[in-house]
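Breakdown of the fold
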Amino acid sequence: MRDTIFYASKDEKITPQEIAHADLARKLAGECMVLLENDGVLPLKSRGEIALYGNGVRKTIQGGTGSGSVNTRSITNIEKGFEEAGFTVTNKAWLDANDEHYKKMQEAYQEWLEEEGKRRNVPPFLVSFDHPFSEPAPYTISKEEVAGCKAKIAVYVISRNSGEGKDREDREGDYLFYPEELDGIRNLIAGGKKLIVVLNIGGVMQLTELKKIIGINAIVLMNQLGNLGGNALVDLISGAVTPSGKLADTWAVEYKDYPSSATFSHNNGNVDEEYYQEGIYVGYRYFDSFGVTPLYPFGYGLSYTSFDIKPIKVEQKSEFIAVSVKVRNTGDYYTGKEVVQIYLSKPQGQMDMPYQELVAFQKTGELRPGEEESIDLEFPLELLAGYDTDSAAYLVEAGDYIVRVGADSASTQAAAVLTVKSRTMLKQCENMAFADEKQEEIKSVRKAVKEEALWKIQLDLSKITPITVSYTREHAQLVNTVKDQITMRDVLDGKYTIKEMVAQLSIREMAELCVGTERREEGSIVGSASYCVPGAAGDTSSVLKETRGVKNMILADGPAGLRLQRHFKTDKDGNILPGGEGFDGTYMPFKDVPEGAVDYYQYCTAIPIGWALAQSWNTQLVEEIGNMIGQEMEQFHVDLWLAPAMNIHRNPLCGRNFEYYSEDPFLTGKMAAAMTRGVQKHPGKGTTIKHFAANNQEDNRYGTNAHVGERALREIYLKGFEIAVRESKPMSIMTSYNLLNATHTANSYDLIQKMARDEWGFKGVVMTDWYTSVDMPMLTGKYASKYPISSSAGCIYAGNDIQMPGCKKNVDDIIDAVEKGTEQGGYTITLADLQFCTENILRIVAETMK
Ligand code: BGC
C-alpha cells in the first residue's frame with residue numbers, strides 16, 4: 001500500500017470555482033484580440049445565419065504545443081461559440097468535408113511519426129518535437145459551394161500552431177498563406193459574402209497578400225485564447241465586447257524586412273551559431289530607426305469607437321517623469337477601452353539610440369461615448385539611460401529627450417522635451433565576461449531632429465544617487481556550531497537559521513538536494529512526472545524529507561494555465577494506472593482497470609497564451625489571472641509554476657513565440673511582473689520566470705549558441721527579466737537550453753550570480769531547463785550537438801541551484817567535484833558553492849512550508 005496523498009478531486013463535477021475561473025479567462029480573452037481592419041461590418045448587427053470556413057472553425061487552437069499547452073475539461077471551438085450565441089451555421093456540409101480531409105492528413109502524419117520513431121528508435125512523440133503536425137491546406141471552397149451557401153456573412157478562420165523544438169518557416173501553410181486559403185477567401189467575396197477573416201494563430205504571419213484582396217470587410221487577430229476561445233471571439237464579433245487589444249509585435253510587409261531574417265535559425269543552414277547582428281534593433285526599434293514601414297506598427301489596434309488622447313501635464317517628480325493625460329471616447333455609440341502608450345526618443349550621443357522606446361503604458365477603464373478619464377502615468381529617470389559597453393555603465397547622454405504620447409508607436413505626438421545638460425552616470429557595472437567582444441552589430445544612421453512640444457523641462461538628475469554594483473566574488477563556507485539535528489520545523493519556528501541547517505548537511509545530502517527528480521514510476525511518462533500531482537513536470541528532491549522535514553516542491557508548467565493531467569486512475573493501493581493524456585496531449589485509454597480503482601480529476605483553466613496576454617496591455621487583468629492561477633496551485637498542491645515565459649520575439653519564426661509576450665522588453669517585463677504579483681499573492685506559491693536568457697530559437701534548441709553583444713543583452717534580452725525580478729520578486733528563475741556566447745546559461749556565473757542576484761537583487765532559487773545537464777541524445781533528435789552538455793559542477797559554480805530533472809550522474813559529479821576538486825567542463829567548485837545553492841533551495845522550500 002502506497003502512502004502517497006493525491007490532492008486531485010474524486011468528483012468529476014464542475015465546481016463553482018472552475019466556472020468562475022473560466023469566466024475570468026473569457027473576460028481577459030476579450031481584451032487580447034486585436035481588430036486589424038474593419039469597414040463597419042463589425043460588430044455584427046444581428047445574430048442570424050453565418051457561414052464558417054477554414055480549419056480553425058472546428059479545430060480552434062487553444063494554445064501551442066509542448067509543455068506550454070494546458071489540458072482542460074473542454075474547448076469551445078469557434079463553431080460552438082457562434083451556436084451558443086444564437087447564430088445558425090449554414091455550411092455544416094463543408095465543415096464535415098473539411099473534417100474528413102483534415103483527419104486523413106492527421107492519420108498520414110501519425111503513420112509517418114510511428115515509422116520515423118522506429119527508424120530513430122525513440123517514442124513517436126519525441127519525433128513530433130522536430131517534426132510537428134503541420135497545418136494542412138483546407139478543403140477547397142468552390143464557387144458552387146459559395147452559391148449554395150445561404151448566409152450573407154462568412155467568417156474565414158486561419159489557424160497556425162507551433163511549439164517546442166521546431167521553429168516556424170517562411171513558407172506557405174506557415175508564415176505565409178496557403179493558396180487554397182486565399183482562393184477560398186476570394187471565392188467567398190466573389191460570391192457576394194460579407195467576409196471577416198479571423199486569425200487563430202500563435203505568431204506573426206505575413207498578411208500582405210490578404211490585404212491585397214479587395215472586399216475583405218474585417219480582419220480580427222483572435223490569437224489563441226484558451227478553452228473558451230470560441231466564446232470570446234463571438235463576444236467581440238457580436239459587439240458584447242469592444243476590441244481593445246493592441247499589437248505586441250511589429251508586423252512586417254515581408255519576412256525579409258526583419259533584420260535577423262537572413263540568418264535566423266535554419267534560414268542560413270546554420271542552427272549551431274546564431275549571431276545577433278541587429279544588436280538592440282529588435283522590433284519597432286529597428287523599423288522606426290531604419291525607415292522600414294511595417295504593415296502594422298507595434299501597439300496598433302482598432303476599436304468599435306474612437307478616442308482622443310490629450311496630454312495634460314508632463315513634469316519631473318523627483319526620480320520620475322510624470323505624464324498626465326485625458327482620454328475621451330469620441331464615438332457616438334460604443335463603450336470601449338483605450339491604451340495610452342508613452343515612448344521616449346533619446347538623443348544620439350556617443351551611444352547609438354533607437355528612434356523611440358516604450359517607457360510607460362496604461363489601459364483606461366470602460367468609457368461610454370463622450371466619457372473622459374484622467375490617467376497619471378510615470379516612468380523612472382533611469383529609463384533615460386543606455387548601457388555604454390566601453391565604460392560598463394548605464395549613462396544618460398546630454399541632449400534632448402522627447403516624450404511621445406499616443407495610441408500606437410506610429411501615431412504619437414511629442415508632448416515634452418526633457419533636456420539633460422551633461423552626460424550622467426547612473427550605475428557602474430562590470431561587463432559580463434562572456435559577452436562577445438567581436439560581435440558585429442548594425443548601427444542606425446538616424447539624425448536627431450528638433451521637435452516642438454508643449455512642455456520643455458530642464459532635468460535635474462542630482463536626485464539620483466549613482467550606484468556602483470558590488471559583486472559577489474566567492475561564497476563563505478558555513479561551519480556547524482549546533483549540536484541538535486536541525487529540522488525545517490526548527491527553522492520555521494525561528495529556533496535556528498537556514499544557514500545553521502545547511503552547515504550540518506553532508507556533501508551527499510546537498511548534492512542530492514541540488515538535483516531534482518522526475519518521478520518516472522510505472523505508467524508515467526516523460527513530462528508527466530511528479531507522482532502525487534500527475535502531469536506536473538517534476539519535483540525537487542525529497543532527500544531531507546524524513547530526516548529534517550524538508551518537503552519536495554512540486555513544479556508544473558505553464559504558461560497558458562496550470563499543466564496537469566486531467567484525469568488519472570489509481571488501483572486501490574494508490575498506484576497510478578497507465579492511461580490519460582500523454583505529454584503531447586493525446587489521450588491513451590485506461591486498459592485492464594482492476595477492481596477498486598479510483599478516479600481522480602484535475603481540471604485547470606486554460607488562459608490566453610502569453611502573446612495574447614501582452615496584446616491586452618492590461619496589467620491589472622493579468623494580475624487577476626495570476627491570482628486565479630495561484631488559487632489553482634493551492635487547490636492542486638503545486639508549489640512553483642514554470643511560467644511566465646518571457647523571451648523576446650526577436651524573429652517571428654521562433655517556434656515558442658506564442659508562449660512569450662512581445663518583441664519589446666518593457667511590455668514583456670511588466671506582463672511577467674503583473675502575473676507574478678498575482679500568483680505570489682498566495683503565500684508559498686511562486687512563479688519561475690523562464691528561459692533565462694536569449695532562448696529565441698527552437699531548432700537545435702539544446703545546442704544552439706546565441707552570440708549577443710553586451711548592450712543588446714542588457715537592453716533587450718535581459719531587460720524584461722530585470723523588470724520582473726525588481727518589481728515582483730519571482731520565487732524562481734529557469735535558465736535556458738541554449739548557450740550564450742559559448743557558455744551554457746545554466747553554467748553562467750555572470751548571468752545568474754552577477755546579473756540576477758548581484759545587480760537585480762534576486763533572492764530566489766534558480767533551476768535548469770529540463771535535462772540541460774543530462775546527456776540524452778534521444779532528446780536532441782536530429783541535431784548532433786556541437787557543444788558538450790552543461791556541466792553539473794558548472795551549475796553549482798554559477799549558483800544554478802537545481803538541475804531539473806537530474807540523474808545519478810549529476811549527483812556523483814557534484815560530489816566528486818567538491819570532494820576531489822575535479823574539474824568538469826572547465827569548472828571547479830568548493831564546499832561553500834554547494835552550501836550556497838543548498839541554502840537558496842531551502843530558503844524557498846521554507847517559503848512554501850510557512
Ligand atoms: C521546456 C520548459 C518546461 C520544461 C518542463 C522544457 O522542455 O523548455 O519550458 O518548463 O520542459 O516541462
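Refer to the structure above for everything that follows.
Residues numbered from 1 in each chain as written. Predicted model: local features only at pLDDT ≥ 70, side-chain atom pairs only at ≥ 80, totals over all residues. Heavy atoms only, no water.

1. Quick look at the overall build of the protein
Helix and strand counts for the protein stand at 23 helices and 32 strands. Taking 2.2 N^0.38 as the reference for a compact globule, 850 residues should give roughly 29 Å; the C-alpha atoms of the protein span a radius of gyration of 27 Å, in line with that estimate. Each of the three principal axes of the protein carries a C-alpha extent, and together these read 85 × 80 × 50 Å. When contacts within the protein are restricted to residue pairs at least 6 apart in sequence, long-range pairs at least 24 apart make up 79% of them. (Helix = DSSP H or I, 4+ residues; strand = E, 2+ residues; numbered from the N terminus. Rg over C-alpha atoms; globule rule 2.2 N^0.38 Å. Contact = heavy atoms within 4.5 Å.)

2. Brief notes about helix α3 (residues 92-120)
With 29 residues, α3 extends 41 Å between its outermost C-alpha atoms, agreeing within 8% with the 42 Å of an ideal straight helix rising 1.5 Å per residue. Contact partners of the buried residues in α3: β2 (49-53), α2 (78-84), β3 (88-89), α4 (124-130) and α5 (143-148). Just past α3, the residue Asn 121 takes up positive phi, approximately 65°. (Expected span 1.5 Å × (residues − 1).)

3. Examining the sheet that holds strand β26 (residues 640-642)
Read across the sheet, six strands follow the order β20-β21-β26-β27-β29-β32 without closing on themselves; strand pairing throughout is mixed. Strands with a single pairing partner mark the edges of an open sheet, and in this sheet they are β20 (538-539) and β32 (765-767). Helix-sheet contacts for helix α18 (residues 719-728) involve β27 (686-692) and β29 (732-735), and the interaxial angle to β27 is about 160°. (Pairing = 2+ DSSP bridges. Axes fitted to C-alpha atoms, helices over the stretch in contact; angles between N-to-C directions.)

4. Looking at the environment of Lys 719
Topologically, Lys 719 is positioned in helix α18. With 54 residues separating them along the chain, Lys 719 and Pro 665 place their C-alpha atoms 5.7 Å apart. Setting aside its immediate chain neighbours within four residues, Lys 719 contacts Pro 665, Leu 713 and Arg 714.

5. A few points about the sheet that holds strand β18 (residues 455-458)
Taken together, the five strands give an open sheet; going across it, the order is β11-β10-β15-β16-β18, and neighbouring strands pair in mixed fashion. A single partner strand is all that each edge strand has here, and the edge strands are β11 (357-363) and β18. On average, adjacent strands in this sheet sit at an angle of 20° to one another, irrespective of strand direction.

6. With respect to the packing of aromatic side chains
A complete count under the given rule lists 33 aromatic pairs for this structure. A ring pair is formed by Tyr 53 and Trp 94, whose centres lie 5.0 Å apart and whose planes are at 70°; its orientation type is edge-to-face. Taken as a pair, Tyr 53 in strand β2 and Trp 94 in helix α3 lie far apart in primary sequence, 41 residues in all. The pair Tyr 53 / Trp 94 is uniform in exposure class, with both members buried. The interplanar angle of 70° and the centroid separation of 5.7 Å between the aromatic rings of Tyr 102 and Phe 133 together place this pair among those described as edge-to-face. One end of the pair, Tyr 102, is in helix α3; the other, Phe 133, is in the loop between α4 and α5, and 31 residues separate them in sequence. (Phe/Tyr/Trp six-rings, centres within 6.5 Å; stacked < 30°, edge-to-face > 60°. Buried < 20%, exposed > 50% of the residue type's maximum accessible area, 1.4 Å probe, protein only.)

7. So, the site of the ligand
The immediate surroundings of the ligand are formed by 13 residues, with Glu 164, Asp 557, Arg 656, His 691 and Asp 769 found nearest. In the environment of the ligand, an oxygen atom lies 2.5 Å from a nitrogen or oxygen atom belonging to the side chain of Asp 557. In this structure, Tyr 737 approaches the ligand through a side-chain N or O atom, which is 3.0 Å from an oxygen atom. Taken by itself the ligand offers 310 Å² of open surface, and the protein chains cover 96% of this. The residue inventory of the shell around the ligand, partitioned by class, reads five nonpolar, two polar and six charged. (Near = heavy atom within 4 Å. Polar contact = N/O pair within 3.5 Å; in protein donor to acceptor, adjacent residues only side chain to side chain. Areas by Shrake-Rupley, 256 points an atom, 1.4 Å probe, with all protein chains shown as cover. Nonpolar A, V, L, I, M, F, W, Y, C, P; charged D, E, K, R; others polar.)

8. Observations concerning the pairing of strand β10 (residues 339-345)
Taking burial as the measure, the seven residues of β10 include seven buried ones, the bulk of the element. The alternating pattern of β10 places Val 339, Gln 341, Tyr 343 and Ser 345 on one face and Val 340, Ile 342 and Leu 344 on the opposite face, and all of these are buried.

9. Points about the state of the cysteines
In this structure the tally under the stated criterion is zero disulfides. No disulfide involves Cys 514; its sulfur sits 5.1 Å from that of Cys 837, the nearest cysteine. Residue classification places Cys 514 among the buried positions, given a relative accessible area of 0%. In this structure Cys 604 is a free cysteine whose sulfur lies 14 Å from that of Cys 532, the closest cysteine sulfur available. Among the residues examined, Cys 604 registers a relative accessible area of 3% and is labelled buried. (Disulfide = S-S within 2.5 Å.)

10. A word on the packing of helix α1 (residues 16-32) against helix α15 (residues 619-636)
In contact at an axis separation of 10 Å, α1 and α15 are set at 155° when each is read in the N-to-C sense. By the angle between their directions, the pair α1 and α15 is classed as roughly antiparallel. Here the hand of the crossing between α1 and α15 comes out left-handed. Note on element contacts: α15 touches α1 through Leu 621, Glu 624, Ile 625, Met 628, Gln 631, Glu 632 and Gln 635, opposite Gln 17, His 21, Leu 24, Ala 25, Lys 27, Leu 28 and Glu 31. Its residues assigned to classes, the contact of α1 with α15 shows six nonpolar, four polar and four charged. (Parallel < 35°, antiparallel > 145°, perpendicular 65-115°, else oblique. Left-handed = near helix turned anticlockwise from the far one by under 90°.)

11. Notes on the pairing of β27
Judged by how many residues are buried, β27 sits mostly within the fold: seven of seven residues are covered. In terms of handedness, the path from β26 via helix α16 (residues 665-679) over to β27 forms a crossover that is right-handed. Judged from the three bridges that link them, β27 and β29 form a sheet pairing that is parallel. Paired with Phe 692 across the strands is Thr 735, a residue of β29. (Right-handed = clockwise from strand over helix to strand, strands pointing away.)

12. Quick word on the side chain of Asp 408
Relative to the helices and strands, Asp 408 resides in the loop between β15 (399-406) and β16 (412-420). Of the side chains bearing the opposite charge, Lys 246 lies closest to the buried Asp 408, which forms no salt bridge; the N-O distance is 6.1 Å. A polar contact is formed between the side chain of Asp 408 and the backbone nitrogen of Ser 411, at a distance of 3.0 Å. Setting aside residues up to four positions removed in sequence, Asp 408 forms contacts with Pro 297, Phe 298, Gly 299, Tyr 300, Gln 341 and Tyr 343. (Lys, Arg positive; Asp, Glu negative; His and termini not counted. Salt bridge = Lys/Arg side-chain N within 4 Å of Asp/Glu carboxyl O.)

13. Quick look at α18
Buried residues dominate α18, accounting for eight of its 10 residues. Taken together, the buried positions of α18 are occupied by Lys 719, Gly 720, Phe 721, Glu 722, Ile 723, Ala 724, Val 725 and Ser 728. Packing partners of the buried residues in α18 comprise β17 (424-428), α16, β27, α17 (710-717) and β29. Of the residues flanking the end of α18, it is Lys 729, one or two places downstream, whose phi is positive at about 50°.

14. Quick notes on unusual backbone geometry
Trans is the prevailing form of peptide bonds, just as negative phi is the prevailing case for residues other than glycine. With an omega dihedral of 0°, the bond running from Ala 643 to Pro 644 counts as a cis peptide bond. By the element assignment, Pro 644 lies in the loop between β26 and α16. Residues Lys 690 and His 691 are joined by a peptide bond in cis, for which omega reads -10°. Residue position: His 691 is located in strand β27. Of note in the backbone geometry, Ser 318 takes a positive phi value of approximately 55° without being a glycine. Here Ser 318 is to be found in the loop between β8 (307-317) and β9 (320-329).

15. Here's the deal with a negative patch on the surface
A surface patch of like charges, here negative, comprises Glu 100, Glu 107, Glu 111 and Glu 114. Tracing the chain through its elements places Glu 111 in helix α3. (Patch = residues over 30% accessible without salt bridge, like charges linked within 9 Å, V, L, I, M, F, W, Y side chains within 5 Å. Charge placed at Lys NZ, Arg CZ, Asp CG, Glu CD.)

16. Some remarks on the environment of Ala 322
Looking at the element boundaries, Ala 322 is found in strand β9. A relative accessible area of 7% means that Ala 322 is categorised as buried. Expressed as a C-alpha distance, the spacing of Ala 322 and Arg 368, which sit 46 residues apart in the sequence, is 26 Å. Excluding anything up to four places from it in sequence, Ala 322 contacts Lys 313, Val 314, Glu 315, Lys 317, Leu 377 and Glu 378.

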